[in-house]
2 protein chains.
Amino acid sequence: MHQTFNAAIELNLLHVNQKGADHNRQYFDNWGITCLNIMSSPGAGKTVLLEQTLKALKAKLNIAVIEGDMTTELDADRLRKYNVPVIPINTGRSCHLDSKMVAGGIHILEHQYQPQNLDLVLVENVGNLVCPAEFEVGEHKKVALLSVTEGEDKPLKYPVMFREADCLLITKTDLAPYLDIDLDRITFNIKQINPQVTIIPLSAKTGEGLEAWLEWVQSVICIHSARNTKYKEQGK
Amino acid sequence: MHQTFNAAIELNLLHVNQKGADHNRQYFDNWGITCLNIMSSPGAGKTVLLEQTLKALKAKLNIAVIEGDMTTELDADRLRKYNVPVIPINTGRSCHLDSKMVAGGIHILEHQYQPQNLDLVLVENVGNLVCPAEFEVGEHKKVALLSVTEGEDKPLKYPVMFREADCLLITKTDLAPYLDIDLDRITFNIKQINPQVTIIPLSAKTGEGLEAWLEWVQSVICIHSARNTKYKEQGK
């Protein structure tokens, strides 16, 4: 968030974005879709996580990806190999996705795919440990990744992201032996900021944590679908 | 940058910031100070770089640090051990330093230290590979760090930072053997975005590149001081 703006403009900006996010979430709910917003610093492993998630779950679940990047379709191209709908959004100079951009992705889902057949939409945000956490896009849960190479102090120094996350993946754990780092200290620091968050240490290389992550995703879908069905049955 | 704002507000914001940056630079020039703006993703090694720079150069040069962090003084505390002026700026929810915040640091330099005795001010920006590159703070040169753990594609995906940098440090090269990464590919991608940039591979662990970095810093100070003196002598 750019502090140079005055409080009124900032409040208005976040208010407009929040209304858009609620609107997007309503679309996802109507279609029976669970949406996850995946956020982290650049290079913490979001795209690898998505690749592994698609590989493991695409036979069981119908998944689409909304892929946010400032420029290029490098990540979108990596994910298209899994034969799922991948909708790239280039944010230009914007340092995060906002609800308006994701609404554009929802529009494409609506008109080029059958969104009512989808179970899960994974939104990969722009690599940035600060701003994406402040701009909801219509997700049901927020997932944050922190690579062990980023250091133990990051939850304390960038608290907004860690406070907002529902699931926190500590990635690249295979590199821990080569770093002067204490995994317990990372967990302790995260819990100081957000005692409720689910923490999963993960290594794309060794496969550590992948099962736990896939279970978490599926449990979120299960709970959301049950709630959504009940909500619809009650005609609310 | 938050794309949600309209173009007029954005232009005004950058214009106001730029005026402030020019104002700050004038102060640095009047005091004969060279200012470097150090930027990167969280955890790429900015603070370690500053520690090693202070350790190596503080006997030769008078150095101060303006230390930007969203919250905490963890990094400032690490740097205070080197007995140089360290001015912490907590940016709150802001994802970068701007020229107004750094003007606050300059004010403290002016009133609590003897800035005319300083040679170098190192500004450590908030960890963010996107926004800091758009907000000049009054620096003479921009330094960006990219950790090898962040991946080869980052210069292409986050071009603004790489386009703006005068010096690009590829950090944590000691971890390269444990990663599926090609250092030449990183360099190639950086050069595609910015053919003129000075690239220095660096490892805080092995010491690789440290001499080259220190030489670069000193050459920047030397050139800037010579220009500054000439400029003053001409009474401009």
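Keep in mind that this is a model prediction, so the values were computed, not measured.

Cut-off values and rules
- Residues numbered from 1 in each chain as written.
- Chains lettered and ligands numbered in written order.
- Predicted model: local features only at pLDDT ≥ 70, side-chain atom pairs only at ≥ 80, totals over all residues.
- Heavy atoms only, no water.
- Pairing = 2+ DSSP bridges.
- Helix = DSSP H or I, 4+ residues; strand = E, 2+ residues; numbered from the N terminus.
- Right-handed = clockwise from strand over helix to strand, strands pointing away.
- Axes fitted to C-alpha atoms, helices over the stretch in contact; angles between N-to-C directions.
- Contact = heavy atoms within 4.5 Å.
- Buried area = accessible area lost by both parts, 1.4 Å probe.
- Salt bridge = Lys/Arg side-chain N within 4 Å of Asp/Glu carboxyl O.
- Polar contact = N/O pair within 3.5 Å; in protein donor to acceptor, adjacent residues only side chain to side chain.
- Nonpolar A, V, L, I, M, F, W, Y, C, P; charged D, E, K, R; others polar.
- Expected span 1.5 Å × (residues − 1).
- Buried < 20%, exposed > 50% of the residue type's maximum accessible area, 1.4 Å probe, protein only.
- Phe/Tyr/Trp six-rings, centres within 6.5 Å; stacked < 30°, edge-to-face > 60°.
- Arc of directions from axis to C-beta.

A closer look at the pairing of strand E7 (residues 198-201) of chain B
All names here are of chain B.
Piece 1. With four bridges joining them, strand E6 (residues 167-171) and E7 adopt parallel strand pairing. Considered in E7, the bridge of Ile170 is made with Pro201.
Piece 2. In this fold, the crossover linking E6 to E7 by way of helix H7 (residues 183-193) has right-handed handedness.

With respect to the sheet that holds strand E1 (residues 34-40) of chain B
All names here are of chain B.
Piece 1. The strand order E3-E2-E4-E1-E5-E6-E7 describes an open sheet built from seven strands, whose pairing is parallel. In this open sheet, the two strands that pair with only one neighbour each are strand E3 (86-90) and E7. Recorded for the sheet is a direction-independent mean angle of 20° between the axes of neighbouring strands.
Piece 2. Direction of pairing for strand E2 (residues 63-69) relative to E3: parallel, over a ladder of five bridges. Bridging across to E3, Val65 finds its partner in Val86.
Piece 3. Packing of helix H4 (residues 99-112) onto the sheet brings it into contact with E2, E3 and strand E4 (120-124), and relative to E3 it is tilted by some 150°.

Some words on the interface of chain A and chain B
Piece 1. Listed per partner, the contact involves 49 residues of chain A and 49 residues of chain B.
Piece 2. Carbon and sulfur atoms supply 59% of the area buried between chain A and chain B, which totals about 4,300 Å² over both sides.
Piece 3. For the pair chain A and chain B, the number of links is six salt bridges.
Piece 4. If you look at where chain A meets chain B, you find 13 residue pairs in polar contact (both at pLDDT 80 or more).
Piece 5. At the level of secondary structure, the elements contributing two or more residues to the side of chain A that touches chain B comprise helix H1 (7-31), helix H3 (74-80) and helix H5 (154-157) of chain A.
Piece 6. Sort the elements by how many residues they give to the side of chain A that touches chain B and H1(A) lands first, with four residues.
Piece 7. Considered class by class, the residues forming the side of chain A that touches chain B number 21 nonpolar, 14 polar and 14 charged.

Quick notes on helix H1 (residues 7-31) of chain B
All names here are of chain B.
Piece 1. For H1, built from 25 residues, the straight-helix expectation of 36 Å at 1.5 Å per residue is met to within 8% by its first-to-last C-alpha distance of 36 Å.
Piece 2. Taken as a whole, H1 has its buried residues at Glu10, Leu13, Asn17, Ala21, Asn24, Arg25, Phe28, Asp29 and Trp31.
Piece 3. At the C-terminal side of H1, Gly32 shows a positive phi close to 70°.

Here we look at the sheet that holds strand E7 (residues 198-201) of chain A
Residue and element names in this part refer to chain A.
Piece 1. Strand order in the open sheet formed by seven strands is E3-E2-E4-E1-E5-E6-E7, with parallel pairing between adjacent strands. At either end of the open sheet lies a strand with only one pairing partner, and these are strand E3 (86-90) and E7. Averaged over neighbouring strand pairs, the angle between their axes works out to 20° when direction is ignored.
Piece 2. The strands touched by helix H2 (residues 46-57) within the sheet are strand E1 (34-40), strand E2 (63-69), strand E4 (120-124), strand E5 (141-147) and strand E6 (167-171), with E4 carrying the most contacts at an inclination of about 165°.
Piece 3. Contacts between helix H7 (residues 183-193) and the sheet are confined to E5, E6 and E7, with E6 contributing the most and set at about 160° to the helix.

Section: the packing of aromatic side chains
Piece 1. Counting across every chain of the model gives five aromatic pairs over all chains.
Piece 2. Centre to centre, the rings of Trp213(A) and Trp216(A) are 5.8 Å apart; their planes meet at 15°, and the pair counts as stacked. With Trp213(A) and Trp216(A) both in helix H8 (residues 210-233) and three residues apart, the pair spans about one turn of that helix. In this structure, Trp213(A) and Trp216(A) share a single accessibility class: buried.
Piece 3. An angle of 75° between the planes, with centres 5.5 Å apart, marks the rings of Tyr27(B) and Trp31(B) as edge-to-face. In this pair, Tyr27(B) and Trp31(B) both sit in helix H1, four residues apart, roughly one turn of the helix.
Piece 4. By relative accessible area, which is 29% here, Tyr27(B) ends up partly exposed.
Piece 5. For Trp31(B), a relative accessible area of 15% translates into the label buried.

Side note on H4(B)
Given 3.6 residues per helical turn, the α-helix brings residues three or four places apart onto the same face.
All names here are of chain B.
Piece 1. Between its terminal C-alpha atoms H4 stretches 20 Å, which fits the 20 Å expected from 14 residues at 1.5 Å a residue.
Piece 2. Buried within H4 we find Ser99, Met101, Val102, Gly105, Ile106 and Leu109. The buried residues of H4 all sit within an arc of 155° when viewed along its axis, so they share a single face. Exposed residues pointing more than 90 degrees away from the buried face of H4 are listed as Lys100, His111 and Gln112.
Piece 3. Contacts made by the buried residues of H4 are with H1, E2, E3 and E4.
Piece 4. Regarding H4, its N-cap is Asp98, as a side-chain oxygen of that residue lies 3.1 Å from the backbone nitrogen of Lys100 further along.

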